[in-house]
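Here's the letter readout for the chains.
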Amino acid sequence: MSATTTVLRTEARLFRREPAVIFWLIAFPTVLLVILGSIPAFRVAHAELGGRRIVDLYVPVVVLLSVIMAGAQTMPGVLTGYRERGILRRMSTTPASPRHLLTVQIVLHSAAVLVSVLLALAVGRIAFDVALPEQAAGYVLALVVTVFAGLALGATISALSRTAKIAQAVGTIVFFPLMFTAGVYAPVPVMPSVLRQIVGLTPIGAASQALDQASVGHWPDWSHLGVTGLWAVVLVGVAVRWFRWE
């Protein structure tokens, strides 16, 4: 059995023992969608939105929530906690190196995000008759780039935070601005034009617009994909430069 497989099995067991993490990563976005979809006014079509409803606009938003949770909250806490307790240092003397652990954490969080996305899309379709993404290939591409950016953010917070408490504090500070750019407080498509352009310069704001475009059948604008991808590359560079195993 390879070192990566061993670490994956161990970390997966630990991951399943964290019901709070599972709830916030997988269940909470869909719970929020159900709450919002239960508001009658959110199920009324609006001509200024091209005949779409508010609940239709919130499906890409709740998809992004899982990415934000993984990048700003759960992943940094795990990695900095392992570093703080000396686990990464001890692993460096075994065949299962810290890099195996980092790879496994990325895989586990990506899988959790995927489950959350599928759950949100299914509940949106079944409970509120929200159409599935009409441009499936573009939606998948936008989602992959978005997850990459979100986990790159998580790696960056882990790299710049010496302890788990610092990582939690930093994650909380960036969490609320990320939710704003995702459109939690007001969907990005209904924001004023100037604000929408500003939000589009952020990784999550650009991702929100890319996912929304793919949802209605358009190929995501390359500028949105480019902004999200560029942020991901920059964040990965920062994480690689400053990350310490001990």
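Figured I'd write up the structure that's included with this text. (Residues numbered from 1 in each chain as written. Predicted model: local features only at pLDDT ≥ 70, side-chain atom pairs only at ≥ 80, totals over all residues. Heavy atoms only, no water.)

## As for unusual backbone geometry
What counts here: Each helix is a run of H or I in the DSSP string that is no shorter than four residues. Each strand is a run of E no shorter than two, and both are numbered from the N terminus. Only protein chains enter the accessibility calculation, which uses a 1.4 Å probe; a residue whose area is less than 20% of its type maximum is buried, one above 50% is exposed, and one in between is partly exposed.
In this model, aspartate 129 sits at a positive phi of 55°, which is unusual for a non-glycine residue. Tracing the sequence through the fold places aspartate 129 in the loop between helix H5 (98-128) and helix H6 (136-160). A relative accessible area of 53% places aspartate 129 in the exposed class.

## Notes on a positive patch on the surface
Defined as follows: Exposure above 30% relative accessible area and the absence of a salt bridge qualify a residue for a patch, where like charges join within 9 Å and nonpolar side chains (Val, Leu, Ile, Met, Phe, Trp, Tyr) within 5 Å. Calculation of accessible area relied on Shrake-Rupley with a 1.4 Å probe; when residues are assessed, cover is drawn exclusively from the protein chains displayed. The working definition used for a salt bridge is a side-chain nitrogen of Lys or Arg within 4 Å of a carboxyl oxygen of Asp or Glu. His is not counted, nor are the chain ends; Lys and Arg add positive charge and Asp and Glu add negative charge. One atom stands in for each charge, and that atom is NZ of Lys, CZ of Arg, CG of Asp or CD of Glu.
A surface patch of positive charge is lined by Arg9, Arg13, Arg16 and Arg17. Within the secondary structure, arginine 17 is located in the loop between helix H1 (3-16) and helix H2 (19-37). On the accessibility criterion, arginine 17 (59% relative accessible area) is exposed.

## Some words on the pattern of salt bridges
One pass over the full model with this rule turns up 3 salt bridges. With its nearest N and O atoms 2.9 Å apart, the salt bridge here joins aspartate 56 to arginine 53. Judged on exposure class, the residue aspartate 56 and its partner arginine 53 are both buried. Residue arginine 125 is joined to aspartate 129 by a salt bridge in which the shortest nitrogen-to-oxygen separation is 3.2 Å.

## A short note on a nonpolar patch on the surface
Together, Phe23, Trp24, Val31 and Ile35 line one region of the surface with nonpolar side chains, adding up to about 350 Å² of accessible area. The residue phenylalanine 23 is located in helix H2 in this model. For phenylalanine 23, a relative accessible area of 34% puts it in the partly exposed group.

## A look at H6
In plain terms, the rule: Given a helix with a known number of residues, its expected span is that number minus one, times 1.5 Å.
The terminal C-alpha atoms of H6, which comprises 25 residues, lie 36 Å apart, in line with the 36 Å expected from a rise of 1.5 Å per residue. The buried fraction of H6 amounts to 18 of the 25 residues, a majority that puts the element mostly inside the structure.

## Section: the side chain of arginine 83
Put simply, the rule is: Side-chain atoms alone can form a polar contact between residues adjacent in sequence; in general such a contact is a pair of N or O atoms within 3.5 Å, and within protein one must be able to donate a hydrogen while the other accepts it. Note on contacts: a residue pair qualifies if any of its non-hydrogen atoms lie within 4.5 Å across the two residues.
Relative to the helices and strands, arginine 83 is located in helix H3 (residues 54-84). The side chain of arginine 83 is buried and forms no salt bridge, while glutamate 84, the nearest opposite charge, is found at 8.0 Å. Here the side chain of arginine 83 touches serine 158 through a polar contact of 2.7 Å, landing on its backbone oxygen. The residues contacting arginine 83, other than those within four sequence positions of it, are Leu88, Ser158, Ala159, Ser161, Arg162, Phe243, Arg244, Trp245 and Glu246.

## Some words on the packing of H3 against H6
As a reminder, the rule being used: To get an axis, fit a line to the C-alpha atoms, keeping to the stretch in contact for a helix; angles then go from 0 to 180 degrees between the N-to-C directions. Roughly parallel means an angle under 35 degrees; roughly antiparallel, over 145; roughly perpendicular, 65 to 115; everything else is oblique. Each crossing gets its hand from how the near helix is turned against the far one by less than a right angle, where anticlockwise is left-handed and clockwise is right-handed.
Two elements in contact, H3 and H6, have axes whose closest approach is 8 Å; the angle formed by their N-to-C orientations is 30°. Here H3 is positioned roughly parallel relative to H6, judged by the angle of their axes. In terms of crossing hand, the pair formed by H3 and H6 is right-handed. Contacts from Val63, Leu64, Val67, Ala70, Gly71, Ala72, Met75, Pro76, Leu79, Thr80 and Arg83 of H3 reach H6 at Tyr139, Leu143, Thr146, Val147, Gly150, Leu151, Leu153, Gly154, Ala155, Ile157, Ser158 and Ala159.

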